Amino acid sequence: MESGAAAAGPGGRRFPFPYTPYLIQERFMAALYGALEAGRVGIFESPTGTGKSLSLICGALSWLRDFEEKKQQEEARLLAPEDSGQEGKEKRLASAGPGHPESKGTAGEPDWVTAFVQKKEERDMVERLKEEQIKRKKREDRLEKIRHNVQLKYAAKRKRSEEDETKRLLQLSKEVLSEGAGVDVLEQLDHNEEELILGEYESDEEKKVVSGLEEDDDDLEEEHVTKIYYCSRTHSQLSQFVREVQKSPFGKDTRLVSLGSRQNLCVNEEVRRLGALQLINDRCMEMQKNKHEKKGDEELEGKKRRVSRTVCPFYSYEQMQFLRDEVLVEVKDIEQLVALGRETKACPYYGSRYAIPAAQLVVLPYQMLLHEPTRNAAGVKLKDQVVIIDEAHNLIDTITCIHSAEVSGSQLCCAHSQLLQYMERYRKRLKAKNLMYIKQILYLLERFVAMLGGNVNQNPSCQAVSQPGTVLKSINDFLFQSQIDNINLFKVQRYCEKSLISRKLFGFVERYGGLATAVKTNKENQKLAGLQNFLLTLQQGSDKDGTPQSPPVEAENDQLRTASPLMQIEGFLSALTNANQDGRVILNRQGTVGQSSLKFLLLNPAVHFAKVVEECRAVIIAGGTMQPVADFREQLLSCAGVDPARVVEFSCGHVIPPDNILPIILCSGPSNQQLEFTYQTRDLPQMMDETGRILCNVCNVVPGGVVCFFPSYEYEKQVYAHWEKTGLLTRLATKKKIFQEPKKANQVEQVLVEYAKCIKRCGQAGGQMTGALLLSVVGGKMSEGINFSDDLGRCVIMVGMPYPNIKSPELQEKMTWLDKTMPRAAGQAPSRVLIENLCMKAVNQSIGRAIRHQKDFASILLLDHRYARPATFNKLPQWIRERTQVKPAFGAAFAELRKSKARDKLSGFVCS
């Protein structure tokens, strides 16, 4: 194993590292190693810029390497030759079983019975270990062969190319033979429609999933080796992590596999063009189903004319086995995996899954790990494994969002109309069980619309809601009041999943939903014209100007919403199968039935996290800013049944020198106005004026970029308008060019580019204009995931305390649920603690944007005297809290800004 350096942690344990690590990295790795060894649930905090990813990689993989070595030593000891002596044999027996041959068993059996049982257990264990050893040796030999044999590497690729050429020639031959056959056009239309008709649904019971493999292989029976599952929020974060692994001392000899969605991994261009994830998933599954049915169809070919169903050319067992081995031989990120799939004509989505059992490190997105059905479908087994969840500051919200669902009145009515048209067109072709389930789904949709105060047979955009407002109901109350409590939602959900009805419906609408599609008879014309007109009125109703938009220019997501709403409704049906106490249904009646919605809100995310912590050997929840950690301990771990003694916390400081950061809590402004931005006082003209005066003073002395965070878009807009009116904006603009955070995500990049260019230009010019001021919003596009390093963020200002809107029905219900289920903490109601924690999590995420590496420096201004309260102050990240100064008056704070070493460094930096 190559390594640039080796870090010695506490206890003398050495961690391979690509360079000499910081002391805090050594401590992090040692604490991580200890948590994994002891099987703990760890909450780890390491600020951005401190090399958290490398610490996680080197600490966790060092533990895995040692664990594998110990396991192999234990195996060798147990498999030692039988003639190694009676003493050694007795020792092996003693360690293999709970008792000892010489003593009585726990149930009082004679010694010879106990000895016989122990010998049998040992023999069984030895046999199992021998089998595992053979499989491991076989796998290692195969991978070593691929690693060193370039010819073998491309043999499979050549074979695949030959097969493709043969298929192409066969197809050309068939086309030549079929020319002049005079196939009836109308009959051909019938055959094309075959794929839209639902297949026979034989059983409500979960059938054993067909593996889809064309031949048996011993490797598929291979047990999952002990591994680490690493997950993060975004595709780019996972790719960045894989690149860190490649650069680490473990990059050459770690078997790593990257998992992703079909949207990221599919290499079939026909399927990729569908765009929306649900459509890609359904089309892929349908192609697999076609492949399994192909043999049966061929047998019936002579008896009955059948349509040829499309199969995926990349779903080849042989090629996917080759791709699996290639993945295990060399560390690859998602992009490299997709490139390999295209090159070898093998499916990266399934090929990467086949690599899971033998992999040591599996990299996957949140959804795939935290959503049990997705986890099971991907072949992820957590029993006795290690899970590391990175960027976990929003873990509770993420679990809540994954398991929540919302559908609008327009979607419900649209799905009902589509399904009704579909049933009428194919009624004679559908089996009885299909008709029964379609009628059940139609009834469910009808009742859901009725709960919103509408009629499913009328245009939802033209039906006004008689009693607007928001109502929350328990799951049981909603089921009873909507009169669907007699329907087994589990069976309906399973039917939707197995029959692929949403995919069939989408194909039907795709074929007949367009305005210019030709159909066969006048009667059918009338029926399908009704569907076309209905879809058009939905578009008109949702368009603000009242002008219909042409379907071709719709965005893919808009197309999915209007053309295939049943996919989203399936998610809502699934959510209704949660336990009654764990969620609520929100009826949001607004304006018209079309604008109204039904939403399932998950109240207890711990129910979906419990299985993860129960099954895993160890779970590490890591992030740059994890404070306050009380939410993780109480709402997630305690509710999931984790013993408090199993939970460990680790938080490290930053690598920057103490003088490189100046955090100040400012209690009053330049005119001695107390700073308290409550809902009652923040709109006062004197508060907005005082905020403006503070910014003017700061911009006079701080060169480069200043980022100012407001609690909401509305308040930022209000303050901006006030400053514009009073002329303060003009004064600010003499020192800094002013930028505002856009609400639209696609405009963020452009604003950031202009902001950075302006700062660079001002720094080089050295005129009166010293940089730029960016007005941002807490919880907006720029408060997470964007770095204001170096000159982009020399000062970060937080205006007020960004408390969430406590009038929100969802938040009120969550607060009520917490007060009922959680104990009081330090005399405070759990609901009050939640509000404080949500506020401080948002603050910590925003102010952490400024310091991004060891040589970075910045000042942080918290404009509200309430930050100085001990309970609030203690929720700041430790590395910021230790250096924070509380300044009752503005003069002292301003003097500190001017004289601090950090400011001197800034001035020197700009002058040079």
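Further up the page is the structure itself.
Scoring rules and cut-offs
- Residues numbered from 1 in each chain as written.
- Predicted model: local features only at pLDDT ≥ 70, side-chain atom pairs only at ≥ 80, totals over all residues.
- Heavy atoms only, no water.
- Salt bridge = Lys/Arg side-chain N within 4 Å of Asp/Glu carboxyl O.
- Helix = DSSP H or I, 4+ residues; strand = E, 2+ residues; numbered from the N terminus.
- Buried < 20%, exposed > 50% of the residue type's maximum accessible area, 1.4 Å probe, protein only.
- Core = buried A, V, L, I, M, F, W, Y, C linked by side-chain atoms within 4.5 Å.
- Expected span 1.5 Å × (residues − 1).
- Phe/Tyr/Trp six-rings, centres within 6.5 Å; stacked < 30°, edge-to-face > 60°.
- Pairing = 2+ DSSP bridges.
- Right-handed = clockwise from strand over helix to strand, strands pointing away.
- Axes fitted to C-alpha atoms, helices over the stretch in contact; angles between N-to-C directions.
- Contact = heavy atoms within 4.5 Å.

Draft legend 1. Summary view of the pattern of salt bridges. The final tally for this structure, using the stated rule, is 21 salt bridges. Between K599 and E810 there is a salt bridge, and its shortest N-O distance comes to 3.5 Å. With K599 in strand β11 (residues 592-602) and E810 in helix α31 (residues 809-821), this pair connects stretches of sequence that are 211 residues apart. Residue R693 is joined to E690 by a salt bridge in which the shortest nitrogen-to-oxygen separation is 2.7 Å. Taken together, the residues span about one helical turn, with R693 and E690 both in helix α27 (residues 685-701) at a distance of three residues. Given a relative accessible area of 0%, E690 falls into the buried group.

Draft legend 2. Geometry of the nonpolar core. Grouped together as the largest cluster of nonpolar side chains are 70 residues, with contacts concentrated most on I389, L395 and F609. When residues in this core are grouped by element, the largest group, five residues, is from helix α25 (residues 606-615). Core analysis: the next-biggest nonpolar cluster, separate from the first, contains 52 residues, C413, L435, F478 and L598 among them.

Draft legend 3. Looking closely at α27. Under the 1.5 Å per step criterion, the end-to-end length of α27 is 25 Å for 17 residues, consistent within 8% with the ideal 24 Å. Every buried residue belonging to α27 is among M687, M688, E690, T691, G692, I694, L695, C696, V698 and C699, and all of these are buried.

Draft legend 4. The packing of aromatic side chains, seen in detail. What the rule picks out here adds up to 20 aromatic pairs. With a centroid separation of 5.7 Å and 90° between ring planes, the pair formed by F28 and F650 is classed as edge-to-face. Here F650 lies in strand β13 (residues 647-651) and F28 lies in helix α1 (residues 23-38), a separation of 622 residues in the sequence. Residues F28 and F650 agree in their burial class; the two are buried. Pairwise contacts between aromatic rings join F28, F44 and F650 into one cluster.

Draft legend 5. The pairing of strand β17 (residues 771-777), seen in detail. By the criterion of burial, β17 is predominantly enclosed, with seven of the seven residues buried. Of the pairings in the sheet, the one linking strand β15 (residues 704-710) to β17 comprises seven bridges and is parallel in character. Each bridged residue has a counterpart across the sheet, and for G705 the counterpart in β17 is A772. This β-α-β element, strand β16 (residues 736-740) to helix α30 (residues 748-765) to β17, shows right-handed connectivity.

Draft legend 6. Region of the structure containing the sheet that holds strand β14 (residues 661-666). Here we have seven strands laid out as an open sheet, ordered β16-β17-β15-β18-β19-β14-β20, and parallel in their pairing. Both edges of this open sheet fall to β16 and β20 (885-887), since each of them pairs with a single strand only. Averaged over neighbouring strand pairs, the angle between their axes works out to 20° when direction is ignored. Where β14 lies against strand β19 (residues 858-863), six bridges are found, and the strand directions are parallel. Counterpart to I661 in the pairing with β19 is A858. Those strands touched by helix α32 (residues 830-847) are β15, β18 (795-799) and β19, and its axis lies near 160° from that of β18.

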